[in-house]
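Below are the chains, spelled out letter by letter.
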Amino acid sequence: MERAPRGGACSRTSGEREYGQYNPSPRRRTDGCDPHLSQALHLTSRGGHDRVGDDPTGRLGHNVAVSSPQRPSPGNARRRAARARLPLRSNAWRAPLPLRVVRAARRPGRAEPDDTPEAGPARDRPVGPAALLERLGVRNRLERAARFSPARLAVAVFAAIIAVITVLLLLPIATPEDHRGASLVDALFTATSAVCVTGLTTVDTATAWSPFGQAVIIAGAAVGGLGIMTLASLLSFAVSRHVGLTQRMLAASENQSRLGDVASLLRAVIFTALGVEGVLALVLLPRFLTLGLDLRHAAWYAAFMSASIFNNAGFVIMPEGLTPHAADWWMCLPIVLGTFAGAVGFPVILDVVRRRGRPRLWTLHSKLTLTTYTLLTLVSSLSIAAFEWSNPQTYGPLGVGGKVLTALVNGVNARSSGLSTIPPEHMHEATWFLQDALMFVGGGSASTAGGIKVTTFAVLILAIMAEARGDQDIEAFGRRITLSTVRLSVAVAFIGASIIGAATLLLLQLTDLSLDRILFEATSAFATVGLSTGITPHLPESGKYVIIILMFVGRVGTMTAASALAMRERRRVIRMPAERPLIG
């Protein structure tokens, strides 16, 4: 066995072994050793096991012999030495050096690599805006926020979009020449309503804004609806996997990473949104042409309304509104179908398209969403039609076909779109209360609809039914729903009801309006529906700011609160004794 000479590269004190002791700990490995050899051993401890070639310096080419009680067999040592083309000096195991250290030693004048990975070739490095973001450290901050606080990232993204839309609406070009510029509260209210796809307005969209302002509003609704679906899907992935959110959220801007799930997700969302909006525009364009509009105005109306319908934005660009088209099947049927497509959610659309013709293979989420949404649409349509059938200010003047069509529109608009062919302020109080409940439920998860979502409502109903029957498990469509899902549904429903209650009390204190109108307005704002009893323009400025906060919290709050509650799940080793208090 070859020993390290005394006074050489690694001299030891009397009482220590004369072998270069190899210790995995980088702090106690090479005290008093040669600095080159110490650095080589330090890099070796990081896991490198490459072959060692010739070393022109004569220092890094030799490994340090280690006295080990468990040595490999001599045959294995000879075979490894033969493969490495090194002379067999002893049977002792030798710590291999990383290949990059050997290559650096072969190239004089080149600095040894550090522990941080170097950037790739020049063609792989980010250029343009990506390079600027990386130089300013923005990308690292986004990665950190996406990994450790995705809920805060969602809030920051939507707040930034609202700020941009507000600034654009404050420009003089955003209003007609015969109108003075929009006030800050009106611009902020409209921007929040657009990005949060609500539809509540303090000014008339058709007359108070120029074509540029209308384009900004519908662009904000399109971006807000698209971002809401995408961000909700990514947050649900983060909850289910707990890892890889950074790569999935920022893969589109990463030049050297695999796009993975986020690439297919973004492509599918964008293609679905553009596809549905394109079909709706093609269907509505001939109808606007038949109304006597020229091609330019008809195309603009069709594009605006198609985006408003699919994103459940609730904005109407026609000066006369939708009231003259209450019995128009060509105008109202696309509203019903487009609202349904946008309100069920992107995960459901993707699941149905992938497994078309095989409904038994659909996920439990898709089955619950489609079943609950369809049942609520039928029940709400029949109930509203029964309440308003003989009302002379709503359903009364319409024929039977017009009443049926209006009932279908009211069945879907009360939970998502807010596009109404009859004025809600003329409905009965009983209809308002029913619509309050429907708006609170909302549409599907990861969709453009608001509310607590139909799956939350379905889980609560199933839990009540299971408790009434005495069943231990909550089951639906041959699947068992976990207890954590039930707890999360209760939390989301309670949070939503608490927010609406607090906002209603505050608005009652700020205004002299009745409870039924205030509750309708607060529920519509929280559920991002857009229906109103006509009190929105007449609210005081403080009341408008309350509605702004309510729309923002209603769009972002329930989604992020649900994800935050799910990601903060803790597992405790010690559990307290169980005891059942009296309930009810």
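Residues numbered from 1 in each chain as written. Predicted model: local features only at pLDDT ≥ 70, side-chain atom pairs only at ≥ 80, totals over all residues. Heavy atoms only, no water.

(A) Looking closely at the overall build of the chain. In terms of helices and strands, the chain carries 21 helices and two strands. Summed over all atoms, the accessible surface of the chain reaches about 30,900 Å², with 60% contributed by carbon and sulfur. (Helix = DSSP H or I, 4+ residues; strand = E, 2+ residues; numbered from the N terminus. Areas by Shrake-Rupley, 256 points an atom, 1.4 Å probe, with all protein chains shown as cover.)

(B) Focus on helix H12 (residues 295-310). Between the first and last C-alpha of H12 there are 22 Å, a value that for 16 residues agrees with the 22 Å anticipated at 1.5 Å per step. All of the buried residues along H12 are Ala298, Tyr301, Ala302, Phe304, Met305, Ser306, Ala307, Ser308, Ile309 and Phe310. If you check the start of H12, you find a side-chain oxygen 3.2 Å away from the backbone N of Arg296, and it comes from Asp294. Among the residues trailing H12, Asn312 stands out with phi positive, at a value near 55°. (Expected span 1.5 Å × (residues − 1). Buried < 20%, exposed > 50% of the residue type's maximum accessible area, 1.4 Å probe, protein only. Polar contact = N/O pair within 3.5 Å; in protein donor to acceptor, adjacent residues only side chain to side chain.)

(C) Structural view of the pattern of salt bridges. Taken as a whole and judged by the stated rule, the model has four salt bridges. Of the charged contacts in the structure, one is a salt bridge between Lys544 and Asp186, with a shortest N-O distance of 3.7 Å. You can see Lys544 sitting in helix H21 (residues 541-567) and its partner Asp186 sitting in helix H7 (residues 184-195), a full 358 residues away along the chain. By relative accessible area, which is 11% here, Lys544 ends up buried. (Salt bridge = Lys/Arg side-chain N within 4 Å of Asp/Glu carboxyl O.)

(D) Representation of the packing of helix H15 (residues 364-388) against helix H16 (residues 400-417). The interhelical angle for the contact between H15 and H16, taken along N-to-C directions, is 120°, at an axis separation of 8 Å. Our classification of the angle between H15 and H16 gives oblique. Note that H15 runs across H16; the crossing there is right-handed. Across the interface between the two elements, Tyr373, Leu376, Thr377, Ser380, Ser381, Ile384 and Ala385 of H15 pack against Ala407, Leu408, Asn410, Gly411, Val412, Arg415 and Ser416 of H16. In terms of residue class, the contact of H15 with H16 is built from seven nonpolar, six polar and one charged. (Axes fitted to C-alpha atoms, helices over the stretch in contact; angles between N-to-C directions. Parallel < 35°, antiparallel > 145°, perpendicular 65-115°, else oblique. Left-handed = near helix turned anticlockwise from the far one by under 90°. Contact = heavy atoms within 4.5 Å. Nonpolar A, V, L, I, M, F, W, Y, C, P; charged D, E, K, R; others polar.)

(E) Local environment of a nonpolar patch on the surface. Together, Trp329, Leu333, Leu337, Trp389, Val400 and Val404 make up an exposed nonpolar region whose accessible area comes to about 570 Å². Those elements that place two or more of their residues in the nonpolar patch are helix H13 (329-343) and H16. Tallying contributions element by element places H13 first for the nonpolar patch, with three residues. Mapped onto the secondary structure, Leu333 falls in helix H13. The partly exposed category is assigned to Leu333, whose relative accessible area is 34%. (Patch = residues over 30% accessible without salt bridge, like charges linked within 9 Å, V, L, I, M, F, W, Y side chains within 5 Å.)

(F) The packing of aromatic side chains, seen in detail. All told, the structure shown has four aromatic pairs when counted by the stated rule. Arranged with centres 5.9 Å apart and planes meeting at 65°, the rings of Trp300 and Phe304 form a pair that is edge-to-face. Taken as a pair, Trp300 and Phe304 lie in helix H12 at a separation of four residues, close to a single helical turn. Taking relative accessible area as the criterion, Trp300 reaches 27% and is therefore assigned partly exposed. (Phe/Tyr/Trp six-rings, centres within 6.5 Å; stacked < 30°, edge-to-face > 60°.)

(G) Quick look at the confidence of the model for the chain. Across the chain, pLDDT averages 77, with 65% of residues at or above 70. When the criterion is pLDDT under 50, residues 86-90 qualifies, and its contacts beyond four places in sequence or with other chains add up to nine contacts. Here residues 109-124 is a poorly scored stretch, pLDDT under 50, and it has twelve contacts once near neighbours within four places are set aside; other chains count. (pLDDT = per-residue confidence, 0-100.)

(H) Layout of the nonpolar core. Of all hydrophobic cores here, the largest spans 42 residues; its most connected members are Leu169, Leu284, Phe288, Met305, Met318 and Leu322. Elements represented by at least two residues in this core include exactly helix H6 (150-169), H7, helix H9 (211-241), helix H11 (260-290), H12, H13 and H21. In this structure, Leu322 is in contact with Val316, Met331, Ile335, Leu419, Ser420 and Thr421, ignoring residues within four places of it in sequence. Counting 20 residues, the second-largest nonpolar core is a separate cluster that includes Ala503, Ile518, Ala525 and Phe526. (Core = buried A, V, L, I, M, F, W, Y, C linked by side-chain atoms within 4.5 Å.)

(I) Seen up close, the environment of Val269. Secondary-structure assignment places Val269 in helix H11. Judged by its relative accessible area of 0%, Val269 is buried. With 77 residues separating them in the primary sequence, Val269 and Phe346 have C-alpha atoms 6.9 Å apart.

(J) Spotlight on the packing of helix H17 (residues 429-441) against helix H20 (residues 515-526). At their nearest, the axes of H17 and H20 sit 9 Å apart, and the two run at 25° to each other. Accordingly, the angle class assigned to the pair H17 and H20 is roughly parallel. By crossing handedness, the relation of H17 to H20 is classed as left-handed. Here Glu429, Trp432, Gln435, Asp436, Met439 and Phe440 of H17 lie close against H20, whose contacting residues are Asp516, Arg517, Leu519, Phe520, Thr523, Ser524 and Phe526. Taken together, the residues of the contact of H17 with H20 sort by class into six nonpolar, three polar and four charged.

(K) Region of the structure containing the side chain of Thr431. Mapped onto the fold, Thr431 is located in helix H17. Here the side chain of Thr431 touches Glu388 through a polar contact of 2.6 Å, side chain to side chain. Beyond its immediate chain neighbours, meaning those up to four positions away, Thr431 contacts Ile384, Phe387 and Glu388.

(L) Just unusual backbone geometry, in detail. Even without glycine at this site, Val197 takes up a positive phi of about 45°. Not every positive phi belongs to a glycine, and Thr528 is a case in point at roughly 50°.

(M) Focus on H17. Helix length check: H17 (13 residues) gives 19 Å between terminal C-alpha atoms against 18 Å at 1.5 Å per residue, within 8%. Listed as buried for H17 are Thr431, Trp432, Gln435, Asp436, Leu438, Met439, Phe440 and Val441. Where H17 is buried, its residues contact H15, H16, helix H18 (454-469), helix H19 (483-510) and H20. Once H17 finishes, Gly442 follows within two positions and takes phi at roughly 80°, a positive value.

(N) The arrangement of the environment of Arg487 in detail. Relative to the helices and strands, Arg487 resides in helix H19. Its relative accessible area of 55% is what places Arg487 among the exposed residues. Residues Arg487 and Val459, spaced 28 residues apart in sequence, show a C-alpha to C-alpha distance of 9.8 Å.

(O) Spatial organisation of the environment of Val316. Within the secondary structure layout, Val316 lies in the loop between H12 and H13. If we skip the residues at most four places from it in the chain, Val316 touches Thr205, Ala206, Phe304, Met305, Gly321, Leu322 and Leu419.

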